[in-house]
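Per-entry structural report
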Amino acid sequence: MNDQKISIYEEITAKIITALEDGVNPWAKPWQTVHYGPFRNALTNRPYRGLNVLLLNLVALARGHADPRWLTFRNAEQLGGHVRKGEKGAAIVFWKFLPARDRDGDAAPDALTDDDQERKLIPFARSYTVFNVEQCEGLDLPPLVEEGAPSLDECNELAEQILALPNLKHGGNKACYLPGPDMVLLPHRSSFEHDDFYYATGYHEICHWTGHPSRLNRMFGTRFGDLGYAFEELVAEIGAAFLGAHTGIPFENMHHPEYIHHWLQILQGDSKAIFTAAAKAQQAADFVLDKAGIVCVQEDVPATNELPVAA
């Protein structure tokens with residue numbers, strides 16, 4: 001693994017660790033308080049997803065950006081403007097998947113699967129830099145218009161569609177997912193201080209529900225050992241926040257402090273862990289939204305000529 005690749009993983013992981021140590025939830029949603037829509041590319045208007053939401057969120061929180069639109073140097077030129085001199089960008093990440101090869105450049109023997117003999121694909125992280133619209137000048141863009149906040153009824157309707165997916169039972173004073181009977185348990189709605197807390201808790205447990213062998217078959221025991229359970233909690237926490245962002249359910253006040261120490265252990269011991277967690281969380285959220293019949297827009301992908309060398 002080259003030094004550049006290590007720097008991308010370690011730099012991003014360090015940002016998440018610092019945020020957690022400072023008591024900042026990297027997957028909270030400041031864009032929910034000002035209804036300008038999700039973080040998105042200013043040129044294509046397509047949203048960012050997964051780990052990139054976390055990364056842009058940290059930058060927006062630190063710098064106070066209210067505009068959710070971001071762009072590259074080239075995007076700024078395409079919009080007739082430019083990034084102001086001296087402005088510092090934000091690093092986001094995309095993946096390129098290449099076939100495994102041996103030292104001579106041929107497909108490696110172990111890069112062929114036993115079933116279909118197709119080449120295995122090896123992921124390479126590629127990082128590139130975006131700037132907030134507020135850091136630019138001369139852009140030919142319409143003014144940012146505050147979107148109408150979804151009504152409480154609309155939010156609840158989407159949340160109810162999601163909660164209808166699993167076998168859900170109410171009762172007791174504990175929220176959990178039981179893999180054996182494949183069942184989500186939630187306290188009665190009246191036990192929660194607010195409906196948002198009820199839905200947010202349900203989202204968390206439903207993200208666990210997606211990991212069942214009949215669905216996404218998500219297991220982490222081998223890689224994370226005794227911390228596998230805590231890692232699954234991290235996936236569910238981020239996945240639930242993604243669902244909340246998509247359906248208008250706020251997550252700023254939903255925390256699981258009992259896992260922070262374990263999450264820090266995981267991130268400090270494995271610089272790729274947050275990449276895996278965010279990817280699995282987005283996969284879980286996408287699975288739930290698809291099953292609930294809620295449209296999910298694909299992420300903006302940069303043009304090839306805007307990407308730097310493989311990182």
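Model, not experiment: these values are computed from the prediction.

Glancing now at the overall build of the protein. A count of helices and strands for the protein gives nine helices and nine strands. Sorting the 311 residues of the protein into buried and exposed places 47% on the buried side. The long-range fraction of contacts in the protein, counting pairs at least 24 apart against all pairs at least 6 apart in sequence, stands at 76%. Carbon and sulfur atoms provide 51% of the accessible area of the protein, an area that totals close to 15,800 Å².

Grouped together as the largest cluster of nonpolar side chains are 72 residues, with contacts concentrated most on Ile162, Phe231, Ile238 and Ile274. Of all hydrophobic cores here, the second largest spans nine residues; its members include Ala42, Leu71, Val83 and Leu139.

Turning to the confidence of the model for the protein, a few remarks are in order. In the predicted model, the protein carries a mean pLDDT of 81, and the fraction of residues at 70 or more is 77%. Within the model, pLDDT remains below 50 along residues 1-5, and this stretch shows eight contacts once partners closer than five positions in the same chain are excluded. Counting contacts from residues 102-119, a segment whose pLDDT is below 50, to residues more than four positions away or on other chains yields 20 contacts.

Another point: the sheet that holds strand β9 (residues 183-186). Sheet architecture is open: three strands sit in the order β7-β9-β8, paired in mixed fashion. Looking at the sheet topology across the chains shown, the edges are occupied by β7 (168-170) and β8 (176-178). The average undirected angle you get between the axes of adjacent strands in this sheet is 25°. Across three bridges, β8 lies against β9 in antiparallel orientation. Note that in β9 the partner of Tyr177 across the bridge is Val184.

Moving on to the pattern of salt bridges. Any two side chains of opposite charge can pair if their charged atoms end up close together. Overall, the coordinates contain seven salt bridges when judged by the stated rule. Among the salt bridges present, the one from Arg189 reaches Glu160, with a minimum N-O distance of 2.8 Å. With Arg189 in the loop between β9 and α5 (195-209) and Glu160 in helix α4 (residues 152-163), this residue pair connects regions lying 29 residues apart in the sequence. On the basis of relative accessibility, which here comes to 32%, the residue Glu160 falls in the partly exposed class. Residue Arg218 is joined to Glu232 by a salt bridge in which the shortest nitrogen-to-oxygen separation is 2.9 Å. A residue pair is termed long-range when its members are at least 10 positions apart, and Arg218 in the loop between α5 and α6 (221-224) and Glu232 in helix α7 (residues 228-247) qualify at 14 residues. Arg218 sits in the buried class, given a relative accessible area of 9%.

Turning our eyes to something else, we now look at helix α2 (residues 51-63). Counted at 1.5 Å a residue, the expected span for α2 with its 13 residues is 18 Å, and the 19 Å between its end C-alpha atoms agrees. Taken across its 13 residues, α2 has ten buried, putting it largely inside the fold. Burial in α2 covers these residues: Leu51, Asn52, Val53, Leu54, Leu55, Leu56, Asn57, Leu58, Val59 and Ala60. A positive backbone phi angle near 75° is found at Gly64, which sits one or two residues after α2.

Of the two faces of β9, the one carrying Met183 and Leu185 and the one carrying Val184 and Leu186 are both buried. Relative to β9, β7 runs parallel, the two sharing three bridges. Bridging across to β9, Lys169 finds its partner in Leu185. In sequence, β8 turns back onto β9 through a hairpin of four residues, with Asp182 there showing a positive phi of about 55°.

Bringing the side chain of Arg49 into the picture now. Its location among the elements puts Arg49 in the loop between β1 (40-41) and α2. Here Arg49 falls in the buried class, since its relative accessible area comes to 12%. For Arg49, the side chain forms a polar contact with the side chain of Asp286, separated by 2.4 Å.

Now for the packing of α7 against helix α8 (residues 260-269). As a packed pair, α7 and α8 sit with axes 9 Å apart at the nearest point and diverge in direction by 100°. Accordingly, the angle class assigned to the pair α7 and α8 is roughly perpendicular. Contacts from Ala230, Phe231, Glu233, Leu234 and Glu237 of α7 reach α8 at His262, Trp263 and Ile266. Partitioned by chemical class, the residues of the contact of α7 with α8 number five nonpolar, one polar and two charged.

Time to look at the packing of aromatic side chains. Scanning all chains against the criterion turns up nine aromatic pairs. Through a chain of ring-to-ring contacts, three or more aromatic side chains come together here, namely Phe192, Tyr198 and Tyr199.

Tracing the chain through its elements places Phe224 in helix α6. Using a relative accessible area of 10% as the deciding quantity, one classes Phe224 as buried. The sequence separation of Phe224 and Asp270 amounts to 46 residues, and the corresponding C-alpha distance is 9.1 Å.

The next thing to look at is unusual backbone geometry. Here the phi dihedral of Asn45 falls at roughly 65°; this positive angle occurs in a residue that is not glycine. By secondary structure assignment, the location of Asn45 is in the loop between β1 and α2. Despite not being glycine, Asn217 shows a phi value in the positive range, around 50°.

What counts and what doesn't
- Residues numbered from 1 in each chain as written.
- Predicted model: local features only at pLDDT ≥ 70, side-chain atom pairs only at ≥ 80, totals over all residues.
- Heavy atoms only, no water.
- Helix = DSSP H or I, 4+ residues; strand = E, 2+ residues; numbered from the N terminus.
- Buried < 20%, exposed > 50% of the residue type's maximum accessible area, 1.4 Å probe, protein only.
- Contact = heavy atoms within 4.5 Å.
- Areas by Shrake-Rupley, 256 points an atom, 1.4 Å probe, with all protein chains shown as cover.
- Core = buried A, V, L, I, M, F, W, Y, C linked by side-chain atoms within 4.5 Å.
- pLDDT = per-residue confidence, 0-100.
- Pairing = 2+ DSSP bridges.
- Axes fitted to C-alpha atoms, helices over the stretch in contact; angles between N-to-C directions.
- Salt bridge = Lys/Arg side-chain N within 4 Å of Asp/Glu carboxyl O.
- Expected span 1.5 Å × (residues − 1).
- Polar contact = N/O pair within 3.5 Å; in protein donor to acceptor, adjacent residues only side chain to side chain.
- Parallel < 35°, antiparallel > 145°, perpendicular 65-115°, else oblique.
- Nonpolar A, V, L, I, M, F, W, Y, C, P; charged D, E, K, R; others polar.
- Phe/Tyr/Trp six-rings, centres within 6.5 Å; stacked < 30°, edge-to-face > 60°.

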